[in-house]
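Results of the structural survey
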Amino acid sequence: RLPRRTDRQTPTDTTRHDDNHNNNAKRHCKTDMSEQVVDEKSLSKQTCSSSSSSRSTILCVGSINADVLIEIDRLPKVGETIASSDPNSGYMLPGGKGFNQATAVARLDSGLTCSRLATNFGNDSHAHALRAIAIKNGVDVELCQNKNVPSGQAFILLEPGGENSIIIVGGANSDWDTDLSDHLKHAIRNAKCVLLQQEIPLRVNQAVARCAFEGSVPVMMDVGGEERKLPNELLECVSLISPNETELERMTNLPTDTEQQCISAATELLNRGCASVLVTRGSHGAIHVTKNGSSVKTVSIGAFQMDKTKIVDTTGAGDCFRAAYAIACVENQKSIEERLSFAAAACALCIQVKGAQPSMPTRAQVEELLRGHDGS
């Protein structure tokens, strides 16, 4: 089970992949936003609340976006206009950190978990498509609301090698009610794990984390999203906070260039109230840091080794990694190392496909990659 606040585990990044998955995803990624031939009325009945009580719920409270993916050779300089490297880029793909993680949970499910999403849909043409895609991917959208504002959007500038820069337009993701609904509070208290990110208002994250904490439900906090200071009152309610190296440096004002520096910076977060810290380090893997009495316990794992020419888009890598780690914890995978390996394998598959949401791998693909890795 995902540990409560007193005990936490970890993830990591990067590796190879099955070409069939890559090619199929490329063929479909441009059409996913328009694939709306879904019987929403019948599918919407297949909610977590109506499913078998033996399934554990992972609740993602966060954003959903219509992503605009633009391929470029390099970022423009101030005052400069450049053309995209691919004249056919600029198409819409479903995204948003909350939706990405909910989709990853649904696709990585082995039949033991249920993925629920609490988010806001907008009032434009994107909203219907995004809802249909969520349902098609097996995500329970019963907790989602409709807002009379445009959908959230993200403009992703994708450079060669898979590196990206992102501009987020909040839209409906910023238009949350003042208080959590009773329905959402009930869902939080009955979840096995709650996943949070930073693309919705801070006050919402604080309210969700507090509700989960009071119900002894573990919370995994992804630091990615909007750059903001996290108050200690929030950190104290979080079971596992997961920044990357850059985010960790920003949060602590400490260097994070080496593994030891990352451990020292993570220890600073532990001193501020965090139960555990998971630092993802890209091609260097990940480090899990937690207190063990008066000392600090660390577990490190390296990234999967892979051909760098196969890396095409890292946009959804962090979301995939954290969702996979949450699945591994909820499913009681035995050791921290096993949970990290599962997350690393999922992430390695993810970065070989364009688009955050289309790149989320299936359980079968991850297990196949792990079998091949174990046998090598």
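The shown structure was predicted, so the numbers you read here are calculated from the model rather than taken from an experiment. (Residues numbered from 1 in each chain as written. Predicted model: local features only at pLDDT ≥ 70, side-chain atom pairs only at ≥ 80, totals over all residues. Heavy atoms only, no water.)

**A word on the pairing of strand β3 (residues 91-95)**
Two faces belong to every sheet, and in a regular strand the side chains alternate between them. In terms of burial, β3 is largely enclosed, as 4 of its 5 residues are buried. By the bridge criterion, 5 bridges tie strand β2 (residues 65-71) to β3 in an arrangement that is antiparallel. Each bridged residue has a counterpart across the sheet, and for Asp 67 the counterpart in β3 is Leu 93. (Buried < 20%, exposed > 50% of the residue type's maximum accessible area, 1.4 Å probe, protein only. Helix = DSSP H or I, 4+ residues; strand = E, 2+ residues; numbered from the N terminus. Pairing = 2+ DSSP bridges.)

**Considerations on the nonpolar core**
Ranked by size, the top nonpolar core spans 57 residues in total, and within it Leu 195, Phe 342 and Val 366 carry the most contacts. Counting only elements with at least two residues in this core, the list comes to β1 (56-61), α3 (97-108), α4 (125-136), β9 (193-198), β14 (295-301), α10 (317-330), α11 (336-350) and α12 (363-375). Dropping the residues within four chain positions of it, Phe 342 is found in contact with Leu 108, Ala 324, Ile 327, Ala 328, Gln 333, Arg 363, Val 366 and Leu 370. One finds Val 61, Ala 191, Val 223 and Val 279 within the second-largest nonpolar core, a separate group that totals 41 residues. (Core = buried A, V, L, I, M, F, W, Y, C linked by side-chain atoms within 4.5 Å. Contact = heavy atoms within 4.5 Å.)

**Looking at the sheet that holds β3**
The strand order β3-β2-β7-β8 describes an open sheet built from 4 strands, whose pairing is mixed. Edge positions in the open sheet fall to β3 and β8 (164-169), since each of these has one partner strand only. Here the strands of the sheet are splayed against their neighbours by 30° on average, with no regard to which way each runs. Of the strand pairs in this sheet, β2 and strand β7 (residues 152-158) are connected by 7 bridges, and their pairing is parallel. If you follow Asn 65 over to β7, its bridge partner there is Gly 152. (Axes fitted to C-alpha atoms, helices over the stretch in contact; angles between N-to-C directions.)

**Some details on helix α9 (residues 259-271)**
Here α9 contains 13 residues, and its C-alpha end-to-end distance of 19 Å stays within 8% of the 18 Å for a straight helix at 1.5 Å per residue. If you check which residues of α9 are buried, you get Cys 262, Ile 263, Ala 265, Ala 266, Thr 267, Leu 269 and Leu 270. The inward-facing, buried residues of α9 contact β11 (240-242), α8 (245-252), β12 (276-280), β13 (286-292) and β14. Taken from the residues just after α9, Gly 273 is the one with a positive phi, measuring 125°. (Expected span 1.5 Å × (residues − 1).)

**As for the packing of helix α5 (residues 182-189) against helix α6 (residues 202-214)**
Where α5 meets α6, the axes come as close as 9 Å, and the angle between the chain directions of the two elements is 50°. Here α5 is positioned oblique relative to α6, judged by the angle of their axes. Relative to α6, the crossing made by α5 is right-handed. Only Val 208, Cys 211 and Ala 212 of α6 make contact with α5, whose side of the interface consists of Lys 185, Ile 188 and Arg 189. In the contact of α5 with α6, the residues fall into 4 nonpolar, no polar and 2 charged. (Parallel < 35°, antiparallel > 145°, perpendicular 65-115°, else oblique. Left-handed = near helix turned anticlockwise from the far one by under 90°. Nonpolar A, V, L, I, M, F, W, Y, C, P; charged D, E, K, R; others polar.)

**So, unusual backbone geometry**
The backbone of Ser 216 shows a phi angle near 60°, a positive value even though the residue is not glycine. Its location among the elements puts Ser 216 in the loop between α6 and β10 (219-225).

**Here we look at the packing of α10 against α11**
Here α10 crosses α11 at 145°, and the two axes come no closer than 8 Å. Seen from above, α10 lies across α11 with right-handed handedness. For the pair α10 and α11, the contacting residues are Ala 317, Cys 320, Phe 321, Ala 324, Tyr 325, Ile 327, Ala 328 and Cys 329 in the first and Arg 339, Leu 340, Phe 342, Ala 343, Ala 344, Ala 346, Cys 347 and Cys 350 in the second. Of the residues that constitute the contact of α10 with α11, the class distribution is 15 nonpolar, no polar and 1 charged.

**With respect to the environment of Gly 162**
Mapped onto the secondary structure, Gly 162 falls in the loop between β7 and β8. Every residue in contact with Gly 162, bar those within four places of it in the chain, is listed here: Ile 311, Val 312, Asp 313 and Thr 314.

**Describing the confidence of the model for the protein chain**
Looking at the protein chain as a whole, the pLDDT averages 85, with 85% of positions reaching at least 70. Within the protein chain, no element has a lower average pLDDT than helix α2 (residues 40-43), which sits at 38, and none a higher one than α6, at 98. Scored below 50 in pLDDT, residues 1-45 shows 152 contacts in the model against residues more than four places distant or in partner chains. (pLDDT = per-residue confidence, 0-100.)

**Things to note about the pattern of salt bridges**
Within the structure shown, the criterion is met by 14 salt bridges. Ionic pairing is found between Glu 80 and Arg 74, a salt bridge with its closest N-O pair at 2.6 Å. A salt bridge links Glu 331 to Arg 363, with the shortest nitrogen-to-oxygen separation between them at 2.7 Å. With Glu 331 in the loop between α10 and α11 and Arg 363 in helix α12, this pair connects stretches of sequence that are 32 residues apart. (Salt bridge = Lys/Arg side-chain N within 4 Å of Asp/Glu carboxyl O.)

**Some details on α11**
Given a rise of 1.5 Å per residue, 15 residues ought to cover 21 Å, and the 21 Å separating the end C-alpha atoms of α11 matches this to within 8%. In terms of burial, α11 is largely enclosed, as 12 of its 15 residues are buried. Inspection of α11 places Ile 336, Arg 339, Leu 340, Phe 342, Ala 343, Ala 344, Ala 345, Ala 346, Cys 347, Ala 348, Leu 349 and Cys 350 among the buried residues, and these make up the whole buried set.

**Digging into the side chain of Glu 199**
Within the element layout of this structure, Glu 199 appears in the loop between β9 and α6. For Glu 199, which is buried and forms no salt bridge, the nearest opposite charge comes from Lys 97, at a distance of 5.6 Å. Here the side chain of Glu 199 touches Ser 63 through a polar contact of 2.4 Å, side chain to side chain. A polar contact of 3.0 Å, which involves the side chain of Glu 199, links it to the backbone nitrogen of Lys 97. Setting aside residues no more than four positions away along its own chain, Glu 199 makes contact with Ser 63, Asn 65, Gly 96, Lys 97, Ile 168, Asn 173 and Gly 225. (Lys, Arg positive; Asp, Glu negative; His and termini not counted. Polar contact = N/O pair within 3.5 Å; in protein donor to acceptor, adjacent residues only side chain to side chain.)

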